[in-house]
Every structure is written in structure tokens, then in C-alpha cells.
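# Observations on the model geometry
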Amino acid sequence: MFKKTATKLLEQNADKVTQWLDTFDAVITDCDGVLWVYGDVLPGAAEVMNRFKEMGKKIFFCTNNSTKTRKELLVKSHNMGFNITEEEVISTAHSLAAYLKNRNFNKKVFVIGSEGITKELDAVGIDHTKVGPEHMPGSLQQYLSNHFKLDDNIGAVVVGFDEYFSFPKMTKAASYLNNPECLFIATNTDERFPMPNMVVPGTGSFVRAIETCAERKATVIGKPNVAICEHLIKDGTIVPERTLMIGDRCNTDILLGYNCGFQTMLVGTGIHQLNDVDSWKASDDPELHKLLPDVYLPKLGDLLPYM
């Protein structure tokens, strides 16, 4: 209805917005930056998502955050007032574990990440290394001579968000990946998290560093890779053209929508804003045009009066 036009819904009349609401039967939404920011629910977000469900629309929360399991994300959602089930939560940590399980993976995983990943691997019976700090004692020469040791049973390197990312971890990852049969999997490639007066590196920063050193590309599980929600399309749970993808980051959320053939909506409570969209519109680069959302809202809660 508003294909890649970044139409401002609040400037449309009520009938037009109501008509638009009737064009989709399922809603897939990003979490952080759309529904909440860290531990704080965004105004009206729970009411809008719960109202979607009351209207008979299927809803799914889809996050690239690999630091939490599906169960932990479910508890967080319930505590914030969202009416959702565990099956309606799509997380990269859970999807990663399912990916390895479906491949009948029977070796050990070297994990650069957090307990969100290791708990999901435990749930499907896949062995893995521990997560947490791994410092380099002394000089590089001392580390390589006295402390560096590889595990012969490692069959996959998995990279997620790791606040303890270090030189030793990168060295081990690249060394394991020197074996072409070792799988290389990333939960996502979100580059960074801008915050007031600082920038926090995202998983993509670690992934790119290891890709450079290993001279290999990772298989990416999370958005914008279609794999994150392909099962919903294949089993008929959702129909792409009747599905709305909501996000705050265009190169993951909106691009996922483009890749899957979903409708898309950008909200202004997170990473990307209308000035970003305007610059992409003016560009001649077709890759940037893929980032253009169909519609725009300052925040998800603004939709409530039309529902």
C-alpha cells in the first residue's frame, strides 16, 4: 500500500490508517528500540502489541540479542505487560542452537558470546566451551608459548555479543577456522549501539574482525538473514505479503522485511531516523533503496488511537 515510501502514518487520515491495518494478518517486531529500551518498556508498546493479538493478528518478537534465552526473553516480556508465548519469541541464540541440532552437529562449539548462547546449546545437548573473560597473561610471546592451547574436538566457532571479547579469543577462533570443515556462525552483524556520548561495539564488530583474520565469511543466523524466520513462511504460519515487519534499525529489521517480501514499518525510538531514510532515498545505490521502509511512526504507541 505504501511500498518503500516511508509514509508518515500520523499525517494520514484515520480511514487510510485503518485501511492499512487491514493489509496484514501477522506482525513480526524487533524488541530493543521498538518495544523497550534496555529495561524500560516504551510508552504504548505493550498496548499496541496486545491489541494486535486481540484483533486476531499473529504476533512474533524477533531479536538479534543473543545474550538471553527464549525463556528469559519471555519472562522479560511478561514483566513489561506483553501478552506473548514462548513460541512467539524468535531469538538468535535459540535459532543458532536449532540450526546446529538440525545439522546433527556432534562436536564441540567454541563460543564467543554469553550464557544466552550456551544455555540454548545445553537445551539441545550440544557441548561447548565456557564463556566469560579470557585475558592474555604477559606478552604475546609468553601467551603463545605457555598458555595457547586448542581443543581437537571443536567443530564450530560461534560469535555473538561478548563484552569480554579479547585477543586470545580472536586468536583461537581464527585458528579453529583454519580448518575448512569447522563451521563459522554469527548470531548477527549489528555493528554498534550508539548511546549518549559513546558508541558501544556490537556483535558485527567482533564478527568482522574474526572474518578478516580467518579469511572466511560467517554464516549469519539473525536479521537480515531470511533464515531467522524462514520456518514461519515454509510451514504456512505467515504469508509474506500479509506480514508487517516493525523495526528501528533499517539494515537489519527493514532489510529482513525486504528480503522476505514483508511490509515494513520504521519507528523512531532506536537506531535509524527519517534523515537516514531521506539520504537513502536520494541515493542512486539500489542496495540503499532496500533499506527504505513502507511507513514510519515516531513510536509504536502512536498507533493505538487507530486500533
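For the structure itself, look to the data block above.
Just so we're clear, the structure is a prediction, and the values are computed from it rather than from any experiment.

## Some words on the sheet that holds strand S7 (residues 108–112)
Strand order in the open sheet made by the five strands is S8-S7-S9-S10-S13, with parallel pairing throughout. Looking at strand neighbours, the two that pair on one side only are strand S8 (127–128) and strand S13 (219–220), the edges of this open sheet. Both S7 and S8 contribute to a ladder of two bridges, which runs parallel. Counterpart to Val109 in the pairing with S8 is His128. Contacting S7, S8 and strand S9 (154–159), helix H5 (residues 115–123) runs over the sheet at an angle of about 160° to S7.

## With respect to a nonpolar patch on the surface
Together, Val37, Tyr38, Met195 and Met198 make up a nonpolar patch on the protein surface, roughly 350 Å² of accessible area in all. Tracing the sequence through the fold places Met198 in strand S12 (residues 198–201). Residue Met198 is classed as partly exposed on the basis of its relative accessible area of 46%.

## Overview of helix H1 (residues 14–21)
Those residues of H1 not exposed but buried are Val17, Trp20 and Leu21. Taken down its axis, H1 places every buried residue within 100° of arc, on the same side. The inward-facing, buried residues of H1 abut helix H2 (45–54), strand S14 (243–247), strand S15 (263–267) and strand S16 (295–297).

## Describing the packing of aromatic side chains
Here the structure, examined in full by the defined rule, presents nine aromatic pairs. Measuring from centroid to centroid gives 4.6 Å for Phe165 and Phe206, while their planes differ by 25°, and the two rings are stacked. Highlighted residues: Phe165 in the loop between S9 and helix H7 (167–176) and Phe206 in helix H8 (residues 203–214), separated in sequence by 41 residues. One aromatic cluster in this structure is built from Trp20, Phe24 and Phe52. Its end group placed over the ring of Phe24, Lys57 keeps NZ or CZ at 4.6 Å from the ring centre.

## Section: the state of the cysteines
Tallied over the full model, the rule gives zero disulfides. Among the cysteines around Cys213, which has no disulfide bond, Cys182 carries the closest sulfur, lying 13 Å off. With no disulfide of its own, Cys229 lies 3.8 Å from the sulfur of Cys260, the closest cysteine sulfur.

## A closer look at the sheet that holds strand S2 (residues 26–29)
The strand order across the open sheet formed by seven strands is S1-S16-S15-S14-S2-S5-S6, and the pairing between neighbours is parallel. The open sheet terminates on both sides in strands that have one partner only, identified here as strand S1 (7–8) and strand S6 (89–91). The pairing of strand S5 (residues 58–63) with S6 spans three bridges and is parallel. Note on S6: the bridge partner recorded for Phe61 is Val89.

Conventions and cut-offs
Residues numbered from 1 in each chain as written. Predicted model: local features only at pLDDT ≥ 70, side-chain atom pairs only at ≥ 80, totals over all residues. Heavy atoms only, no water. Pairing = 2+ DSSP bridges. Helix = DSSP H or I, 4+ residues; strand = E, 2+ residues; numbered from the N terminus. Contact = heavy atoms within 4.5 Å. Axes fitted to C-alpha atoms, helices over the stretch in contact; angles between N-to-C directions. Patch = residues over 30% accessible without salt bridge, like charges linked within 9 Å, V, L, I, M, F, W, Y side chains within 5 Å. Areas by Shrake-Rupley, 256 points an atom, 1.4 Å probe, with all protein chains shown as cover. Salt bridge = Lys/Arg side-chain N within 4 Å of Asp/Glu carboxyl O. Buried < 20%, exposed > 50% of the residue type's maximum accessible area, 1.4 Å probe, protein only. Arc of directions from axis to C-beta. Phe/Tyr/Trp six-rings, centres within 6.5 Å; stacked < 30°, edge-to-face > 60°. Lys NZ or Arg CZ within 6 Å of the ring centre and 35° of its normal. Disulfide = S-S within 2.5 Å.

Function cannot be inferred from these measures alone, as they are strictly geometric.
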